[in-house]
Amino acid sequence: QVQLVESGGGLVQPGGSLRLSCAASGSIFSIEAMRWYRQAPGKQRELVADISRGGSTTYADSVKGRFTISRDNAKNTVYLQMNNLKFEDTAVYYCNTDLREYINFSLRNYWGQGTQVTVSS
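Analysis parameters
- Residues numbered from 1 in each chain as written.
- Predicted model: local features only at pLDDT ≥ 70, side-chain atom pairs only at ≥ 80, totals over all residues.
- Heavy atoms only, no water.
- Core = buried A, V, L, I, M, F, W, Y, C linked by side-chain atoms within 4.5 Å.
- Buried < 20%, exposed > 50% of the residue type's maximum accessible area, 1.4 Å probe, protein only.
- Helix = DSSP H or I, 4+ residues; strand = E, 2+ residues; numbered from the N terminus.
- Contact = heavy atoms within 4.5 Å.

Structural notes on the nonpolar core
Core analysis: the biggest nonpolar cluster contains 30 residues, and Trp 36, Val 48, Phe 67, Val 78, Leu 80, Met 82 and Tyr 93 have the highest contact counts within it. Looking at this core, the elements that each hand over two or more residues are strand 3 (18-25), strand 4 (28-39), strand 5 (46-51), strand 7 (67-72), strand 8 (77-82), strand 9 (91-101) and strand 11 (115-119). Dropping the residues within four chain positions of it, Phe 67 is found in contact with Arg 38, Val 48, Tyr 59, Leu 80, Gln 81, Met 82, Asn 83, Leu 85, Asp 89 and Tyr 93.

What to know about unusual backbone geometry
Located in the positive-phi region is Asn 76, a residue other than glycine, with phi close to 50°. Looking at the secondary structure, you find Asn 76 in the loop between strand 7 and strand 8. Within the chain, Asn 84 stands out as a residue other than glycine whose phi angle is a positive 50°. Relative accessible area serves as the criterion here: at 43%, Asn 84 is assigned to the partly exposed category.

Rendered as structure tokens:
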């Protein structure tokens, strides 16, 4: 049973920083792309950033220059460093990944449970 567990969310003032982590566990053979999404109240879930297994990254325009996605393949973990946070970054942040398990080598998509990030003064 694969699990994605996020951590690192919380309350921060505008201009502050947070670092999110998402660790995948279970009988994992390989992990391909890893992503961070977010969903603000009343809005659709949006892709914030993604990173390939080889380390190539893409970002939403709204976070470019402020957020950095990275991963540690040995730990099956993806990170999101968020700097210069703004009110509009307030949302539930979700980890998402494509991976293959030993029990079934088909590529499957998994979601974490989400972690709340609130930017408030």
